[in-house]
Amino acid sequence: ETGVTQSPTHLIKTRGQQVTLRCSSQSGHNTVSWYQQALGQGPQFIFQYYREEENGRGNFPPRFSGLQFPNYSSELNVNALELDDSALYLCASSLSSGTANNSPLHFGNGTRLTVT
Amino acid sequence: SQKIEQNSEALNIQEGKTATLTCNYTNYSPAYLQWYRQDPGRGPVFLLLIRENEKEKRKERLKVTFDTTLKQSLFHITASQPADSATYLCALFGNQAGTALIFGKGTTLSVSS
């Protein structure tokens, strides 16, 4: 079975630019969650997609947006980049029913975004 | 506000000893609690899940306890090895639809030989 893959692995952008990060889910998984992890911190929940619909959102501004495609792959878009957006962005897939569940998350190795 | 706290200072122990990591939470009523391992530059890897009606769960050298009265989970690694050195993350699910897995800050464990 193929695990979660993320691209690119590293990215450098300038403040004010826009970025798109991509994620391929593990085979058979229907739910994708995105997390932001600053250095020395735990992952912070951005949002979750279940069957192409946003199914939960953390405390992030609207300039953070996402998509989930019919094959359950996903994108995270960030507009108007700020210096504080520099972090490791993690994608995780799981198999769920769309309601609260206990499915373990399967993470990719992230995209390291640096905003200068 | 909801909080998950882990003893976030680095925990240093000698090979062969038992490592005990603590996860405390406030203003949550989690139905489940999970533990993950994260190595530098990598995504977290799932280790164990424990339900609110379970007191203890074991997997090889790992043991997790869950005390909903104390609002605390303990994570034990027995007979620790240098390869166990990593950051360990505690995570909670709430019990509402669309609730995401919320992580603590993590505890960095270093096992010396």
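Relevant structure appears above.
Treat the numbers as computed from the prediction; the structure is a model and nothing was measured.

Enquirer: How should I be thinking about the overall build of chain B in this particular structure?
Expert: Secondary structure assignment for chain B yields zero helices and 11 strands. Here the C-alpha radius of gyration of chain B, 14 Å, is about what a compact globule of 113 residues would show, namely 13 Å. A burial count over chain B gives 45% of its 113 residues as buried. Considering only contacts within chain B whose residues lie at least 6 apart along the sequence, 54% involve residues at least 24 apart. Surface exposure of chain B reaches about 5700 Å², of which carbon and sulfur atoms provide 45%. Measuring between centres, the 13 positive side-chain charges of chain B sit 2 Å from its 10 negative side-chain charges.

Enquirer: Just to check I follow, could you spell out the pattern of salt bridges for this structure?
Expert: Between side chains of opposite charge, pairing is possible as soon as their charged atoms come close. For the structure shown, the criterion picks out nine salt bridges over all chains. Its salt-bridge partner being B:Arg37, residue B:Asp39 comes within 3.1 Å of it at the nearest N-O pair. Through salt bridges with shared partners, one network takes in A:Arg63, A:Glu82 and A:Asp85.

Enquirer: Hey, could you run me through the state of the cysteines in this one?
Expert: Note on terminology: a disulfide is the covalent bond linking the sulfur atoms of two cysteines. Residues and elements named next belong to chain A. Taken as a whole and assessed by the stated rule, the structure comprises two disulfides over all chains. Note on cysteine connectivity: Cys23 is disulfide-linked to Cys91, with sulfurs 1.8 Å apart. Its torsion about the S-S bond being -60 degrees, the disulfide of Cys23 and Cys91 is classed as left-handed. Taken as a pair, Cys23 in strand E3 (residues 19–24) and Cys91 in strand E9 (residues 87–94) lie far apart in primary sequence, 68 residues in all. Its relative accessible area of 2% is what places Cys23 among the buried residues.

Enquirer: Got a minute to help me understand the interface of chain B and chain A in this structure?
Expert: Interface size is commonly expressed as the accessible area that is lost once the parts come together. Contact with chain B, which involves 24 residues of that partner, is made by 23 residues of chain A. Linking chain B to chain A there are zero salt bridges. Counting every contact that joins chain B to chain A gives four residue pairs in polar contact (both at pLDDT 80 or more). At four residues, the largest contribution of residues to the side of chain B that touches chain A is made by strand E4 (residues 32–38) of chain B. The residue inventory of the side of chain B that touches chain A, partitioned by class, reads 12 nonpolar, nine polar and three charged.

Enquirer: For this particular structure, what's the right way to read the sheet that holds strand E8 (residues 72–77) of chain B?
Expert: Residue and element names in this part refer to chain B. An order of E1-E3-E8-E7-E6 is seen for the five strands of this open sheet, with the pairing classed as antiparallel. Of all strands in the sheet, those bounded by a partner on one side alone are strand E1 (3–6) and strand E6 (56–59). Each strand axis lies, on average, 15 degrees off the axis of its neighbour in the sheet, ignoring direction. As paired elements, E1 and strand E3 (residues 19–26) share four bridges and run antiparallel to each other. When the sheet's bridge partners are listed, Lys3 is paired in E3 with Thr26.

Enquirer: Could you clarify how one ought to interpret the nonpolar core in this entry?
Expert: Side chains of nonpolar character tend, in soluble globular proteins, to be buried together. Grouped together as the largest cluster of nonpolar side chains are 23 residues, with contacts concentrated most on B:Leu33, B:Trp35, B:Phe75, B:Ile77, B:Tyr88 and B:Leu109. Within the residue set of this core, elements represented by two or more residues are E3, E4, strand E5 (45–51), strand E7 (62–67), E8, strand E9 (86–93) and strand E11 (107–112) of chain B. Residues in contact with B:Leu33, not counting those within four places in the same chain, are B:Leu48, B:Leu49, B:Ile50, B:Phe66, B:Ser73, B:Cys90, B:Ala91 and B:Leu92. Judged by nonpolar contacts, the second largest core, of 20 residues, contains A:Trp34, A:Ile46, A:Val78 and A:Cys91.

Enquirer: Just to check I follow, could you spell out the pairing of E4(B) for this structure?
Expert: The two faces of the sheet receive side chains in turn, since in a regular strand these alternate between them. All names here are of chain B. In terms of burial, E4 is largely enclosed, as six of its seven residues are buried. For E4 and E5, the ladder comprises six bridges, and the chain directions are antiparallel. Among the inter-strand pairings, Tyr36 is bridged to a residue of E5, identified as Phe46. Linking two consecutive strands that pair antiparallel, namely E4 and E5, is a turn of six residues; a positive phi of about 75 degrees is found at Gly41 within it.

Enquirer: Looking at this model, I keep getting lost on the side chain of B:Gln38. Mind explaining?
Expert: For B:Gln38, the location among the structural elements is in strand E4. Residue B:Gln38 is classed as buried on the basis of its relative accessible area, which comes to 8%.

Enquirer: Quick question: what am I supposed to make of unusual backbone geometry here?
Expert: Most of the time, phi is negative for any residue but glycine, and the peptide bond is trans. Residue A:Pro8 follows A:Ser7 across a cis peptide bond; omega there is -10 degrees. Turning to its location among the elements, A:Pro8 is positioned in the loop between strand E1 (5–7) and strand E2 (10–13). Even without being glycine, B:Glu60 reaches a positive phi, approximately 55 degrees. Relative to the elements of secondary structure, B:Glu60 occurs in the loop between E6 and E7.

About the criteria used
Residues numbered from 1 in each chain as written. Chains lettered and ligands numbered in written order. Predicted model: local features only at pLDDT ≥ 70, side-chain atom pairs only at ≥ 80, totals over all residues. Heavy atoms only, no water. Helix = DSSP H or I, 4+ residues; strand = E, 2+ residues; numbered from the N terminus. Rg over C-alpha atoms; globule rule 2.2 N^0.38 Å. Buried < 20%, exposed > 50% of the residue type's maximum accessible area, 1.4 Å probe, protein only. Contact = heavy atoms within 4.5 Å. Areas by Shrake-Rupley, 256 points an atom, 1.4 Å probe, with all protein chains shown as cover. Lys, Arg positive; Asp, Glu negative; His and termini not counted. Charge placed at Lys NZ, Arg CZ, Asp CG, Glu CD. Salt bridge = Lys/Arg side-chain N within 4 Å of Asp/Glu carboxyl O. Disulfide = S-S within 2.5 Å. Polar contact = N/O pair within 3.5 Å; in protein donor to acceptor, adjacent residues only side chain to side chain. Nonpolar A, V, L, I, M, F, W, Y, C, P; charged D, E, K, R; others polar. Pairing = 2+ DSSP bridges. Axes fitted to C-alpha atoms, helices over the stretch in contact; angles between N-to-C directions. Core = buried A, V, L, I, M, F, W, Y, C linked by side-chain atoms within 4.5 Å.

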